Every structure is written in structure tokens, then in C-alpha cells.
Amino acid sequence: QVQLVESGGGLVQAGGSLRLSCAVSRTFFSIIAMGWYRQAPGKQRELVATITSGGSTNYADSVKGRFTISRNGAKKTQYLQMNSLKPEDTAVYYCKADTSRGTVSWGQGTQVTVSS
């Protein structure tokens, strides 16, 4: 399994920016992809962005052009730069890692609140 530690959430006004980080504290297998998901109250968890070990990225339509996912392989850390935040971006954001063994690990989640 992989242990993931998220940080960087908080309260921000609409139009502001936040940067989320997700550090891999322990892993026994190679990580082939990482991503960010979010879950708003009363809604299902949804994909925000993903990045593969090769650097290929994928974004939800709702965040394209505003959010950027990146990864520092040496530090085993991924980031989500969130700009032009909207109230509808308010959610708990979760980090996810997929390993070469087919296992999936999730972080504990970090709250992002965007006020109007």
C-alpha cells in the first residue's frame, strides 16, 4: 500500500488561488499514476485531474484552464495548483495513487472552501 499525506487546503475568496500538495510517505511498489478527486456535500466523489508517471495529464471539463496538476518524481509529491477558484469548487479534495501492482490508495482529504 501507499501512504499519502495531503496539505494546502483552506478558505479563499472567489477568484483566489490555492495549491494542494500530496506527499508519498511510504510505498512498496511503483506508482504509475496519481490524481486529485473531490467530494462536495451531498455529491459523489468526482475526478479533478490525473497525471501518469510519464507526465500525461487529464482534467475534468469544469477545471480545465484553471487547475494544473504536476508531479515531482524525485520528491514523490504531486501538486494541484488551483486558480480562479469558484464557490462550486468547494469540496474535500482527495489525493489518489495507482501502483504497478494494481492497488489504489487514497489520502485523508483536505478541505477547500471558496467564499463568494
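This section reports on the structure supplied with the text. (Residues numbered from 1 in each chain as written. Predicted model: local features only at pLDDT ≥ 70, side-chain atom pairs only at ≥ 80, totals over all residues. Heavy atoms only, no water.)

**Some thoughts on the overall build of the protein**
Broken down by element type, the protein carries 0 helices and 11 strands. Along its sequence from the N terminus, the protein presents helices and strands in the succession β-β-β-β-β-β-β-β-β-β-β. Relative to the 2.2 N^0.38 estimate, which gives 13 Å for 116 residues, the radius of gyration of the protein is 14 Å and therefore close to what a compact globule would have. The 116 residues of the protein split such that 42% are buried. Counting every atom, the protein has about 6,100 Å² of accessible surface; 48% of that belongs to carbon and sulfur. Side chains of the protein give 13 positive and 6 negative charges; the mean places of these two sets differ by 9 Å. (Helix = DSSP H or I, 4+ residues; strand = E, 2+ residues; numbered from the N terminus. Rg over C-alpha atoms; globule rule 2.2 N^0.38 Å. Buried < 20%, exposed > 50% of the residue type's maximum accessible area, 1.4 Å probe, protein only. Areas by Shrake-Rupley, 256 points an atom, 1.4 Å probe, with all protein chains shown as cover. Lys, Arg positive; Asp, Glu negative; His and termini not counted. Charge placed at Lys NZ, Arg CZ, Asp CG, Glu CD.)

**Topic: the state of the cysteines**
Working definition of a disulfide: a covalent bond connecting the sulfur atoms of two cysteines. Taken as a whole, this structure holds 1 disulfide when the rule is applied. Covalently, Cys-22 is tied to Cys-95 through a disulfide, its sulfur atoms 1.9 Å apart. Between Cys-22 and Cys-95, the disulfide has an S-S torsion of -75 degrees and is therefore left-handed. Placement of the pair is Cys-22 in strand β3 (residues 18-27) and Cys-95 in strand β9 (residues 91-99), with a sequence separation of 73 residues. Each member of the pair, Cys-22 as well as Cys-95, is classed as buried. (Disulfide = S-S within 2.5 Å.)

**Focus on the pattern of salt bridges**
For the structure on display, the rule yields 5 salt bridges. Residue Arg-66 pairs with Asp-89 through a salt bridge whose shortest N-O separation is 2.8 Å. With Arg-66 in the loop between β6 (57-59) and β7 (67-72) and Asp-89 in the loop between β8 (77-82) and β9, this residue pair connects regions lying 23 residues apart in the sequence. A relative accessible area of 1% places Asp-89 in the buried class. (Salt bridge = Lys/Arg side-chain N within 4 Å of Asp/Glu carboxyl O.)

**Describing unusual backbone geometry**
Of note, Ser-84 is a non-glycine position whose phi angle comes to about 50 degrees, a positive value. Relative to the elements of secondary structure, Ser-84 occurs in the loop between β8 and β9.

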